[in-house]
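Chains, contacts and geometry: an overview
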Amino acid sequence: MSEQDPTHGPASDASSADTSPPAFRLGMVPGVNPGRWVRVWEERIRDVALDLVPVAAADAVDALRAGDVAASLLRLPVDRAGIDAIPMYTEATVVVVPKDHLFTAAEEITAADLADETLVVPVDDVLGWADAPGERFAGAVATTSDAVDLVAAGHAVLVAPHSVARLHLRRGLTTRPVTDAPGSAVGLAWLTESYDDLTEELIGIVRGRTATSSRGRGATAEAPTKASGKGSGKGGAGKSGAGKAGGAKSGTGKGGAGKGGAGKGGAGKATKGAAAGGRRAPSPRTSGGRKPGTNRGRKR
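Residues numbered from 1 in each chain as written. Predicted model: local features only at pLDDT ≥ 70, side-chain atom pairs only at ≥ 80, totals over all residues. Heavy atoms only, no water.

Time to look at helix H2 (residues 35-44). Buried residues of H2: Trp37, Val38 and Trp41, and no others. Projected down its long axis, H2 shows its buried positions confined to an angular sector of 105 degrees, all on one face. In H2, the exposed positions angled more than 90 degrees off the buried face are occupied by Arg39 and Glu43. (Buried < 20%, exposed > 50% of the residue type's maximum accessible area, 1.4 Å probe, protein only. Helix = DSSP H or I, 4+ residues; strand = E, 2+ residues; numbered from the N terminus. Arc of directions from axis to C-beta.)

Below, the structure is given as structure tokens:
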């Protein structure tokens, strides 16, 4: 019986296994721009890629539950059963109109200004402004893109979060803020049971934590504390060394541990003498107390 070809069999299967680097899959709904967070992730987590996975706003939670993504940037609120989420920011609401529309004469409008307009609300609407003023467009409109087509044709106006409106904006259309309209909250969500150090790292990034304050796997050890002062500080060994002239500034701190001697009130700061902490040594004198060569006798 001939030997098995070494290029086939289990060894060959192992070599053909997926060897792609690990990745953290992050879902993102339309209008969300995670670019700045991706850059920070790449700086801190070099061994795990951050893969962005576009998901429809209506499918974001299902993608989490199915394990298609590890976390997701989505529109709040969401069903919180088994899901944790943190709010990140709230987007302003704008109205999309043709550039020659009456609204363009103002920098912004209010909800009351919509009362005389025909308002188109697509099936994939993410704003959820149920009681918005205005007459509803007759007929179902499946997508926001289809709704923008109707706006461009002059049949209706559309209200949407600013980023969603900008995503679908085209030539001949513009937007105006609706100052008193409800906003659209954006948050980061993940499965409670799937929380790990990479999830915590992502939370820190979107919340603006620095690398040193991170609680995830990118956290760095605390910097060592400074050495205990000069010498051992003001109550320790003071400025150590022999000091000036043997006994100067060499003692053990102020008042028993300060600069020089035994501290203020002790031997004080030592003078610049040869003696260790004493006064300047006296000049040599004769046995009678007079300096050598000094004659105090009578003149002859």
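Turning to its location among the elements, threonine 93 is positioned in strand E5 (residues 93-98). With relative accessibility at 2%, the residue threonine 93 sits in the buried group. At 2.5 Å, the side chain of threonine 93 and the backbone oxygen of proline 182 are in polar contact. Contacts of threonine 93, omitting those with residues within four sequence positions, involve Leu127, Val159, Ala160, Arg176, Pro177, Val178, Ala181, Pro182 and Gly183. (Polar contact = N/O pair within 3.5 Å; in protein donor to acceptor, adjacent residues only side chain to side chain. Contact = heavy atoms within 4.5 Å.)

Another point: the sheet that holds E5. Ordered by their spatial adjacency, three strands build an open sheet running E8-E5-E9, and the pairing between neighbours is antiparallel. Two strands bound the open sheet, and with one partner strand each, they are strand E8 (158-161) and strand E9 (173-177). For this sheet the average axis-to-axis angle between neighbouring strands, irrespective of direction, equals 35 degrees. Packed on one face of the sheet, helix H4 (residues 144-152) meets E5, E8 and E9 and runs near 140 degrees to E8. (Pairing = 2+ DSSP bridges. Axes fitted to C-alpha atoms, helices over the stretch in contact; angles between N-to-C directions.)

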